[in-house]
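Topology and contacts: notes
Listed below are the residues making up each chain.
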Amino acid sequence: MKPFSLLKRPLIFSTLLLSGAGILSRILGFFYRIFLSHTIGAEGLGIYQLIFPALMLGMAVSSYAIQSAISKYTAEYIAIDKTPYRGRCFLSAGILFSLLLSLVFSFALYYFSDPVATVIIGEPRCGPLLKLLAWAIPFSSLHSCFNGYFYGLKKAAIPALSQIIEQFFRVVGVYVFVRLLLANGEEITPAVAVYGILFGEIAAVFFTVHAYGTSNLKKPTLLSFVQLFRFCIPLSINRVLLSLFQSAESILIPGRLQAFGMSAKESLSLFGVISGMALPVIMFPSVFTNSLSVMLLPSISEAAAMNNDKRIHYLLVRTSCLCTLTGLFFSLIFCFSGVWIGTAIYGNAAAGEYITALGWLCPVLFLSIALNSILNGLGKTRVTLFLNVFGSCIRLCGIVFGVPAYGIRSYLISLLLSYFSVCILSILFFIVKNKKKSVMMD
């Protein structure tokens with residue numbers, strides 16, 4: 001019997017490496033959020049959370065799809081050519097395109113920050129935060145491009161370390177900044193948290209650029225740009241629409257809670273508790289499934305390039321079972337220990353109650369992340385577009401029509417229903433696809 005070696009199984013090894021980095025980063029993140037909750041309060045945390053849709057939209061426009069494309073085609077080229085040259089050409093094309101899009105978006109966000117904060121978000125205090133956020137988006141886009149290349153090579157050590165560096169500089173930078181403000185007797189505002197995003201992304205970019213080496217950059221080819229556009233257009237539309245839906249969710253929830261009868265301050269505080277305290281706890285175990293999905297995309301792309309259907313089926317079945325069982329395990333933990341976790345971590349009993357209520361989200365949430373990555377690896381970006389829009393529509397209906405009548409519980413139920421529906425439809429797609437292939441072979 002051959003000895004088991006993780007180094008001979010790059011998917012498992014890279015997943016564990018990214019998971020370890022993610023766990024460490026999220027532990028740092030928890031201490032960071034505890035520090036923020038005590039420094040700027042639940043209302044300030046709610047205001048800070050309101051700007052995240054703008055960050056997600058900026059990344060959706062400028063880098064999410066490009067990172068996936070770089071990862072996919074780098075893995076395919078390695079499988080076919082056994083050389084990283086064409087992957088490096090594709091990375092150069094991705095960097096140029098990503099930086100162009102991020103700079104345009106950042107300029108627009110900076111220039112229109114006050115109207116966006118007042119008219120769209122409905123919270124004028126978000127204006128200065130959006131101006132600061134605009135500076136971070138180009139750095140984050142560049143960071144994502146380099147990470148995509150290393151994911152495609154199945155060399156997760158550099159993205160894993162860059163993740164830790166980003167989080168470390170975010171936390172330490174904000175801590176030092178707050179101490180300086182306190183020493184000078186100045187007011188602590190949610191802006192300190194946005195400075196943290198900027199500090200972290202700058203540090204991560206310097207690290208990844210140094211690790212890659214500027215001498216390795218190659219001139220992009222026309223084929224690289226053609227493949228980039230062909231893969232990224234539907235996936236970018238997917239990401240942008242998803243970000244717009246998520247932005248609408250974040251903007252609508254406080255207003256819909258006020259329609260339910262809560263005051264503006266109460267609604268912002270509740271939004272801060274759910275999005276800034278409870279959901280990060282629920283998402284903590286997804287560090288493994290997120291890492292797995294990141295490494296699944298190049299693995300599926302590589303198998304598809306070699307027409308290895310057996311490998312694709314193996315990855316699909318094993319991944320689905322693993323994500324579902326992992327989700328069920330953590331659901332039980334959150335349902336029985338949610339109140340204790342919320343009180344112990346945040347000193348907030350309400351956060352614990354929402355952790356318990358959201359606990360059953362884990363199985364379908366983790367499974368949907370993996371299935372989405374497999375579909376993208378197979379190039380089925382239009383399918384993921386439909387599934388994500390469908391799930392978002394369910395959540396929006398729960399917010400718009402349910403929250404004013406039934407309160408925040410309507411949003412929580414719509415979350416569960418949306419991810420459950422996406423998982424069922426994804427599985428049905430794979431079943432139909434497999435049957436069609438069997439018929440063609442017969």
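Small disclaimer: the values here were computed from a predicted structure and weren't measured. (Residues numbered from 1 in each chain as written. Predicted model: local features only at pLDDT ≥ 70, side-chain atom pairs only at ≥ 80, totals over all residues. Heavy atoms only, no water.)

**Digging into the overall build of the protein**
Here is the rule we go by: Strands here are runs of E lasting at least two residues and helices are runs of H or I lasting at least four, both read from the DSSP assignment and numbered beginning at the N terminus. We call a residue buried when its accessible area falls under 20% of the maximum for its residue type, exposed when it is over 50%, and partly exposed in between, using a 1.4 Å probe and counting protein chains only. Only heavy atoms enter the contact rule, under which two residues are in contact if any of them lie within 4.5 Å. Only the protein chains shown count as cover for residues, and all accessible areas are computed by the Shrake-Rupley method using a 1.4 Å probe. Two residue types count as positive, namely Lys and Arg, and two as negative, namely Asp and Glu; His and chain ends fall outside the count. In plain terms, the charge of a residue is placed at NZ if it is Lys, CZ if Arg, CG if Asp and CD if Glu.
A count of helices and strands for the protein gives 17 helices and zero strands. Referenced to the eigenvectors of the C-alpha coordinate spread, the extents of the protein come out at roughly 65 × 45 × 45 Å. The 442 residues of the protein split such that 53% are buried. Within the protein, contacts between residues at least 6 apart in sequence are counted, and of these 83% link residues at least 24 apart. Looking at the protein as shown, the accessible area adds up to about 20,100 Å², and 70% of this sits on carbon and sulfur atoms. Distance from the positive charge centre (32 side chains) to the negative charge centre (15 side chains) of the protein: 14 Å.

**Quick word on the nonpolar core**
Note the threshold: Residues enter a nonpolar core if they are buried and are Ala, Val, Leu, Ile, Met, Phe, Trp, Tyr or Cys, with the set joined through side-chain atoms within 4.5 Å.
Counting residues in each nonpolar core, the largest one holds 87 residues, and the members touching the most others are Tyr48, Ile51 and Leu133. Leave out the neighbours within four places in its chain, and tyrosine 48 touches Tyr32, Leu36, Leu129, Pro190, Ala193, Val194 and Ile197. Formed by 21 residues, the second largest nonpolar core is a distinct cluster that contains Ala65, Tyr149, Val205 and Leu235.

**Observations regarding unusual backbone geometry**
Not every positive phi belongs to a glycine, and lysine 154 is a case in point at roughly 60 degrees. A relative accessible area of 16% places lysine 154 in the buried class.

**Description of the side chain of serine 98**
Counting through the fold element by element, serine 98 comes out in helix H5 (residues 85–111). If we skip the residues at most four places from it in the chain, serine 98 touches Ser62, Ser63, Ile66, Ser141 and Cys145.

**Let's talk about helix H15 (residues 362–377)**
Spelled out, the test is: A helix's residues, less one, multiplied by 1.5 Å, set its expected span.
Its 16 residues give H15 an end-to-end C-alpha distance of 23 Å, which sits within 8% of 22 Å, the value for a rise of 1.5 Å per residue. Glycine 379 occupies a position one or two residues after H15 and carries a positive phi of about 85 degrees.

**Considering the packing of helix H2 (residues 41–50) against helix H11 (residues 264–283)**
Selection rule: Axis definition: a line fit to C-alpha positions, over the contact stretch in the case of helices; interaxial angles, taken between N-to-C directions, run 0 to 180 degrees. The scheme is simple: roughly parallel for angles under 35 degrees, roughly antiparallel for over 145, roughly perpendicular for 65 to 115, oblique for anything else. The crossing is said to be left-handed when, going from far helix to near helix, the turn is anticlockwise and less than a right angle, and right-handed when the turn is clockwise.
At a minimum axis separation of 7 Å, H2 and H11 run at an interaxial angle of 70 degrees. On the basis of their axis angle, the class for H2 and H11 is roughly perpendicular. When the axes of H2 and H11 are compared, the crossing they make is left-handed. Across from Ala42, Glu43, Leu45, Gly46, Ile47, Gln49 and Leu50 in H2, the residues of H11 making contact are Lys265, Leu268, Ser269, Phe271, Gly272, Ser275, Gly276 and Met277.

**Let's talk about the packing of aromatic side chains**
Defined as follows: In this scheme Phe, Tyr and Trp rings, the latter by its six-membered ring, pair at centre separations within 6.5 Å, and the angle between planes marks the pair as stacked below 30 degrees, edge-to-face above 60, and tilted otherwise. In this scheme, Lys NZ or Arg CZ marks a charge over a ring once it lies within 6 Å of the ring centre and within 35 degrees of the ring normal.
Counted according to the given criterion, the structure contains 18 aromatic pairs. Look at tyrosine 149 and phenylalanine 150: their rings are 5.6 Å apart centre to centre, the planes differ by 70 degrees, and that puts the pair in the edge-to-face class. Here the basic side chain of lysine 131 rests over the ring of tyrosine 110, its NZ or CZ set 5.7 Å away from the ring centre. Stacked on the ring of tyrosine 419, the Lys or Arg arginine 395 has its end atom at 5.4 Å from the ring centre.

**What to know about a nonpolar patch on the surface**
Applicable threshold: Patch definition: residues with relative accessible area over 30% and no salt bridge; like charges joined within 9 Å; nonpolar side chains (Val, Leu, Ile, Met, Phe, Trp, Tyr) joined within 5 Å. Only one rule defines a salt bridge in this text: a Lys or Arg side-chain nitrogen within 4 Å of an Asp or Glu carboxyl oxygen.
A surface patch of nonpolar side chains, about 610 Å² in accessible area, is lined by Phe168, Phe169, Val172, Tyr175, Val176, Leu180 and Phe199. For the nonpolar patch, the leading source of residues is helix H8 (residues 157–183), giving six residues. Along the polypeptide, phenylalanine 168 turns up in helix H8. Given the relative accessible area of 43%, phenylalanine 168 is considered partly exposed.

**Notes on the side chain of serine 71**
Within the element layout of this structure, serine 71 appears in helix H4 (residues 64–81). Those residues in contact with serine 71, other than ones at most four positions away along the chain, are Gly148, Tyr151, Gly152, Leu297 and Pro298.

**Considerations on the environment of isoleucine 413**
Along the polypeptide, isoleucine 413 turns up in helix H17 (residues 408–441). C-alpha separation for the pair isoleucine 413 and cysteine 126, spaced 287 residues apart in sequence, amounts to 29 Å.

**A look at the confidence of the model for the protein**
Threshold: pLDDT gives the predictor's per-residue confidence on a scale running from 0 to 100.
Averaged over every residue, the pLDDT of the protein is 84; the share at 70 or more is 94%. By mean pLDDT, the top-scoring element of the protein is helix H7 (residues 127–152) (92), and the lowest-scoring one is helix H1 (residues 10–39) (77). This stretch, residues 1–7, has a pLDDT under 50; its non-local contacts, to residues over four places away or in other chains, come to five contacts.

**Focus on the packing of helix H13 (residues 309–346) against H15**
Going by this rule: Put simply, Ala, Val, Leu, Ile, Met, Phe, Trp, Tyr, Cys and Pro go in the nonpolar bin, Asp, Glu, Lys and Arg in the charged bin, and everything else, Gly too, in the polar bin.
Where H13 meets H15, the axes come as close as 7 Å, and the angle between the chain directions of the two elements is 155 degrees. Between H13 and H15, the angle is such that the two are roughly antiparallel. Regarding H13 and H15, the two cross each other, and that crossing is right-handed. Facing H13, whose interface residues are Leu316, Thr319, Ser320, Cys323, Thr324, Thr326, Gly327, Leu328, Phe330, Ser331 and Phe334, H15 presents Cys362, Pro363, Phe366, Leu367, Ala370, Leu371 and Ile374. Here the contact of H13 with H15 is built from residues that sort into twelve nonpolar, six polar and no charged.

**A look at the environment of arginine 311**
The topology assignment puts arginine 311 in helix H13. Residue classification places arginine 311 among the partly exposed positions, given a relative accessible area of 33%. A C-alpha to C-alpha distance of 8.1 Å links arginine 311 and isoleucine 300, two positions eleven residues apart in sequence.

**Quick word on the state of the cysteines**
Threshold: Any pair of cysteine sulfurs within 2.5 Å is marked as a disulfide.
On inspection of all chains with the given rule, the structure shows zero disulfides. Left unpaired, cysteine 362 is separated from the closest cysteine sulfur, that of cysteine 335, by 8.2 Å. The class for cysteine 362 is buried, based on a relative accessible area of 0%.

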